[in-house]
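If you want the building blocks of each chain, they are given just below.
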Amino acid sequence: AQSVAQPEDQVNVAEGNPLTVKCTYSVSGNPYLFWYVQYPNRGLQFLLKYITGDNLVKGSYGFEAEFNKSQTSFHLKKPSALVSDSALYFCAVRFMRDDKIIFGKGTRLHILP
Amino acid sequence: DVKVTQSSRYLVKRTGEKVFLECVQDMDHENMFWYRQDPGLGLRLIYFSYDVKMKEKGDIPEGYSVSREKKERFSLILESASTNQTSMYLCASSSVINSYEQYFGPGTRLTVT
């Protein structure tokens, strides 16, 4: 079955430290992969996507994500966290068989000052 | 600037009422989606549409229907609202032109009493 997993409900990181938010998926073929962010009382905003090509993709606000086909993962990363990065992060996958886009359950990121 | 609008930010309805949630996008996107967002469950796909008058069931279509009579408008209908449909409803649109990156509306918080 097609699925997206974000194994951590919450991630706490000290300001200035590197951060990683994990995402894995289960699908056959080559999916499109996305990360979105939701700040408090605001709508979802697109951060970055992987379609094809270089496994490391760069996005908004200094975020990047690494596509690993063998591990079927697409982890979100940032070298140095800011308090303003505190938000809810969602991984999403578009499966090639149809136009359905499925989201993970979300990971709440807390950056501690 | 791209825009997805939803008809209401907050809505309170009684059990058994028929509820219409409307979504309009101004980007000429062919794909439109309805999700509900619940704490701990992330975003769950209710229905999506890849063209006018076309619709596809998502993961949780029960109790909902949709209508897409015009390309820019996608309506979600709760035929007989129930308390377990109290949730945040998010509309999104996307296009193959931008590799299916989704643009989200601000959401409608529906409370069914």
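Further up the page is the structure itself.
Procedures and definitions
- Along each chain, residues carry numbers from 1 onward, in the same order as the chain's sequence is written.
- By the order in which they are written, chains take letters starting at A while ligands take numbers starting at 1.
- Under the rules for a predicted model, residues below a pLDDT of 70 receive no local features and side-chain atom pairs below 80 are neither given nor counted, while totals for whole chains, interfaces and linings still include all residues.
- Calculated side-chain values reflect all of the structure's heavy atoms, with hydrogen atoms and water omitted.
- We call two residues in contact whenever any of their non-hydrogen atoms come within 4.5 Å of each other.
- When two parts are put together, the accessible area they lose, computed with a 1.4 Å probe and summed over both, is reported as buried area.
- Here a salt bridge means any side-chain nitrogen of Lys or Arg lying within 4 Å of a carboxyl oxygen belonging to Asp or Glu.
- A 3.5 Å cut-off defines polar contacts: any pair of N or O atoms within that distance qualifies, except that in protein one atom must be a possible hydrogen donor and the other a possible acceptor, and neighbouring residues in sequence count only when both atoms are side-chain atoms.
- In this text, helices come from DSSP runs of H or I with a minimum length of four residues, and strands from runs of E with a minimum of two, each type numbered from the N-terminal end.
- We call Asp, Glu, Lys and Arg charged. Ala, Val, Leu, Ile, Met, Phe, Trp, Tyr, Cys and Pro are nonpolar, and the rest, Gly among them, are polar.
- Note on disulfides: each one is a pair of cysteine sulfur atoms within 2.5 Å.
- Each residue is assigned to one of three classes by its accessible area relative to the maximum for its type, calculated with a 1.4 Å probe on protein chains only: buried under 20%, partly exposed between the two thresholds, exposed over 50%.
- Two aromatic rings, drawn from Phe, Tyr or Trp (for Trp, its six-membered ring), form a pair once their centres lie within 6.5 Å of each other, and the interplanar angle then sorts them: stacked below 30 degrees, edge-to-face above 60, tilted otherwise.
- Note on criteria: charge over ring means Lys NZ or Arg CZ within 6 Å of the ring centre, with the direction from the centre no more than 35 degrees off the ring normal.
- Throughout, the protein atoms alone are placed on a 1 Å grid, and a set of points is a cavity if a 1.4 Å probe fits but cannot get out or a pocket if it is open with protein on both sides within 12 Å along at least five of seven lines; lining residues have an atom within 4 Å of a point.
- Grid points are joined across faces, edges and corners, and a volume is the space filled by probe spheres set on the points.

**Q** Explanation requested: the interface of chain B and chain A in the structure shown.
**A** Note on interface size: it is often stated as the accessible area lost on association of the parts. Across the contact, 21 residues belong to chain B and 19 residues belong to chain A. Between chain B and chain A, roughly 1700 Å² of surface is buried when both sides are summed, and carbon and sulfur atoms account for 59% of that area. Of all residues in chain B, the largest losses of buried area upon contact with chain A belong to B:Leu43, B:Tyr100 and B:Glu101, amounting jointly to 29% of the total for that side. With a shortest N-O distance of 3.9 Å, B:Glu101 and A:Lys49 are connected by a salt bridge. For the interface between chain B and chain A, the tally reads six residue pairs in polar contact (both at pLDDT 80 or more). At the level of elements, strand 4 (31-38) and strand 5 (42-49) of chain B are the ones that each hand at least two residues to the side of chain B that touches chain A. In terms of residue class, the side of chain B that touches chain A is made up of ten nonpolar, eight polar and three charged.

**Q** Would you explain the state of the cysteines in this entry?
**A** Any covalent bond linking the sulfur atoms of two cysteines counts as a disulfide. Counted under the stated rule, the structure contains two disulfides over all chains. Sulfur-sulfur distance for the disulfide between A:Cys23 and A:Cys91 comes to 1.9 Å. The S-S bond linking A:Cys23 to A:Cys91 shows a torsion near -60°; that makes this disulfide left-handed. Residue A:Cys23 is found in the loop between strand 3 (19-21) and strand 4 (24-26), and its partner A:Cys91 is found in strand 10 (residues 87-94); the two are separated by 68 residues along the sequence. The pair formed by A:Cys23 and A:Cys91 is uniform in burial state, with each residue classed as buried. With its sulfur 1.9 Å from that of its partner, B:Cys23 forms a disulfide with B:Cys91. Its S-S torsion of about -80° marks the bond between B:Cys23 and B:Cys91 as left-handed, since a negative value means left-handed. Of this pair, B:Cys23 sits in strand 3 (residues 19-25) while B:Cys91 sits in strand 9 (residues 87-94), and the two are 68 residues apart along the sequence. Judged by its relative accessible area of 0%, B:Cys23 falls in the buried class.

**Q** How should I be thinking about the packing of aromatic side chains in this particular structure?
**A** Geometrically, a pair of aromatic rings is defined through the distance of the ring centres and the angle of the planes. As enumerated under the stated definition, the model contains 16 aromatic pairs over all chains in all. Taken together, the ring pairs connect A:Phe34, A:Tyr36, A:Phe46, A:Phe90, A:Phe103, B:Phe33, B:Tyr35, B:Phe48 and B:Phe104 into an aromatic cluster. One residue, A:Lys78, lies across the ring of A:Phe63, its end atom 5.0 Å from the ring centre. Taking NZ or CZ as reference, A:Arg94 lies 5.1 Å from the ring centre of A:Tyr32, over its face.

**Q** For this particular structure, what's the right way to read the layout of surface pockets?
**A** Rolling a probe over the atoms, with the probe sized like a water molecule, indicates the empty space that remains. Of the pockets and cavities examined, the largest pocket occupies roughly 600 Å³. Around the largest pocket sit 25 residues that line it, and A:Gln38, A:Leu88, A:Arg108, B:Gln37 and B:Arg109 are the ones nearest its centre. Where the lining of the largest pocket is concerned, the elements lending two or more residues are strand 10 and strand 12 (107-112) of chain A together with strand 4 and strand 9 of chain B. No other element matches strand 10 of chain A, which puts three residues into the lining of the largest pocket. Partitioning the lining of the largest pocket into residue classes produces ten nonpolar, eight polar and seven charged. Estimated volume of the second largest pocket: approximately 270 Å³. What lines the second largest pocket is a set of 15 residues, and nearest its centre among them are A:Gly43, A:Leu44, A:Gln45, B:Phe104 and B:Gly105. Those elements that place two or more of their residues in the lining of the second largest pocket are strand 6 (44-50) of chain A together with strand 10 (103-104) of chain B. For the lining of the second largest pocket, the leading source of residues is strand 6 of chain A, giving three residues. Its residues assigned to classes, the lining of the second largest pocket shows eight nonpolar, four polar and three charged.

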